[in-house]
Structures are given as C-alpha cells and as structure tokens.
Amino acid sequence: MRIRISHQTRYTYDSLARSLIQVLRLTPRDTESQHVLSWRLEPSAEGRMKPFEDAFGNRCHEFSSDHPIDDFTLTVTGEVETHDTAGVVRGAVERLPDLVYLRETSLTGVDDALREFAAEHGRLASQDPLAALHDLLGGIHREIAFDLAPTDAATSAVEAFALRRGVCQDLTHIFIAAARHLGIPARYVSGYFHRADGVTEQEAGHAWAEAKVASLGWVGFDPANGISTTDAHVRVAIGLDYLGAAPIRGSRRGGGDERLDVRLRVDTARGQVQSQG
C-alpha cells in the first residue's frame, strides 16, 4: 500500500511567545514493512531545525525559535510504501537491550485490578507468549471502550483501566503494562493508521504496542483495532510510553494559555488518483 499523510499541528497563544523549542519525533525510518518515499517537515516560524537520533533510535528534530510569535504551525507531508509482514517488525533500528522495555513508567504501572486482568489473559505467557499476547489484545479490545472524552495525555494505564475506556494511547498503555507484568518486553509506538472504512480525515495520529516474542522478534499489536499491525500502519517512533514517543514535546517562554488544532489526512496514493479521475 502507498500511504499519503498530511498532518498539520497548530498552536495559538493568548499573547506573544518570546521563544520556543520543540522536539519533533515525526519522521519515520525504513524497515522491511515500510519504505519512506518522501517526507517533509515545515515549521511556520523562522528558526533552526537540527536533526538528531534519540536513545531509542528515533529520527528526531529539534526546532527552536527566538522570534516572538502568537501562533506556530508544523506541517508534515509524506508518502510511505508499506508491506504486510503479519505484524512482525524486521529491519528496525535497535539501540537498546530488550530488558529496557520491561521497565515500568508512571504511565505503564499496574495495580491489583490490572495484575488480575494480565494474569487472566496471560495464562499461556510462559509456554506460548504469542498466544498470550493475542489473548491480551482481544481482552483489551473487548473490555475497554474507545472514547475520546475521559482521558488526556497524562492518564495512566491504571486510570484508563479503571474507567474501562480511553483512546488508542490509553489502550496501548494498558497492553504494555500487562505485557511487562507478564515478563514480556513491550514498547509504545506512535505513527499513522490508514482506515479501511474510507475515513481519511482524522483527529490525531495513532498509537499501538510492540512486544518481544523470542521466536519471532518484535511484533506489533494494535489494541484500539484488535489486530496485529498490517500494511495500514506507518511506524514513526518508539518509546517506553507516550512521553518517549510523543510526536511533539517542548517548551516556550511567554505566550500565556495555548489552543491546539490538529488536522490530519491519511489516504492512499491510489485512492487520491482515482478520486481525481
């Protein structure tokens, strides 16, 4: 599949921001399941864009500006050719040992209820970890409702599990927390998802998990959709949780309160050509 992405993030400030600095994890790398044909980051403000690689091997950019601004827009456009590898991740850059991905974070901790859930769905973890992970995936997809309203970027796996609802970020944190409790290394993935229902305009990027299976390597699991990753997924960044793979994180001086507006279109190149004909 050839997937086209147009992603615009706009911050509007109540007053002039004197300066800002943003870390951008918005540039995908080639793997066996995806080849980046074109990719471009365009900030609206005058400033400096410095590329670097973080500890996880993500392609990152640091954007900084010392010019007063009252709004800032970052536009991402690109095209990626994807291939279905049945969820197995091959050819990815690996900078850290697997044991790092057993580390609990503030967003991926467990409580008694989540431990019980992990134990219920992970009975086969020692004999057949892949089967246990699929059981966990199905359990989360069935029992945790997708809901945009009750959570935010600081909601933990424990909190979202107690609510029994959340967005893809929350479902992913629950999966990671449960997998790590079962002794399976797991990590957070941020990226994009091409929907099969024809909806191309989306409110935000997508998130899913990868877990390490000894016989296969890293395997992608998408709890929000209840599937292993396919050629509909564009993998951008990884981390221990959302904070380590967040598309944009930064700070600014001044500006007061801010408003965020995201416009995202994920479409296939073929679909766009057909719609123009």
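Residues numbered from 1 in each chain as written. Predicted model: local features only at pLDDT ≥ 70, side-chain atom pairs only at ≥ 80, totals over all residues. Heavy atoms only, no water.

(A) Quick look at the side chain of Thr-82. In this fold, Thr-82 is placed in strand S5 (residues 69–82). Overall, Thr-82 belongs to the buried group, its relative accessible area being 2%. At 2.5 Å, the side chain of Thr-82 and the backbone oxygen of Asp-231 are in polar contact. Excluding its chain neighbours within four sequence positions, the residues that come into contact with Thr-82 are Met-1, Ile-3, Ser-33, Gln-34, Asp-231, His-233 and Val-234. (Helix = DSSP H or I, 4+ residues; strand = E, 2+ residues; numbered from the N terminus. Buried < 20%, exposed > 50% of the residue type's maximum accessible area, 1.4 Å probe, protein only. Polar contact = N/O pair within 3.5 Å; in protein donor to acceptor, adjacent residues only side chain to side chain. Contact = heavy atoms within 4.5 Å.)

(B) Focus on the sheet that holds strand S12 (residues 227–228). On the basis of which strands lie adjacent, the open sheet formed by 5 strands has the order S12-S11-S10-S8-S13 and antiparallel pairing. What marks the edges here is a single partner per strand, and that holds for S12 and strand S13 (233–239). Two elements, strand S10 (residues 206–213) and strand S11 (residues 217–222), share 5 bridges in a ladder whose sense is antiparallel. Its bridge partner lying in S11, Val-213 is registered against Gly-217. Each of S10, S11 and S12 touches helix H2 (residues 129–143); the most contacted strand, S11, lies at about 15 degrees to it. (Pairing = 2+ DSSP bridges. Axes fitted to C-alpha atoms, helices over the stretch in contact; angles between N-to-C directions.)

(C) Molecular detail of the packing of aromatic side chains. For the coordinates displayed, the defined rule picks out 7 aromatic pairs. When the centroid spacing of 6.4 Å and the interplanar angle of 50 degrees are considered together, the rings of Trp-39 and Tyr-192 count as tilted. Highlighted residues: Trp-39 in strand S2 (residues 34–43) and Tyr-192 in strand S8 (residues 186–193), separated in sequence by 153 residues. By relative accessible area, Trp-39 is classed as buried at 19%. Here the aromatic cluster, defined as three or more aromatic residues joined through ring pairs, consists of Phe-56, Tyr-101 and Trp-218. Directly above the aromatic system of Tyr-101 lies the positively charged group of Arg-187, at a separation of 5.2 Å from the ring centroid. Here the basic side chain of Arg-187 rests over the ring of Trp-218, its NZ or CZ set 3.8 Å away from the ring centre. (Phe/Tyr/Trp six-rings, centres within 6.5 Å; stacked < 30°, edge-to-face > 60°. Lys NZ or Arg CZ within 6 Å of the ring centre and 35° of its normal.)

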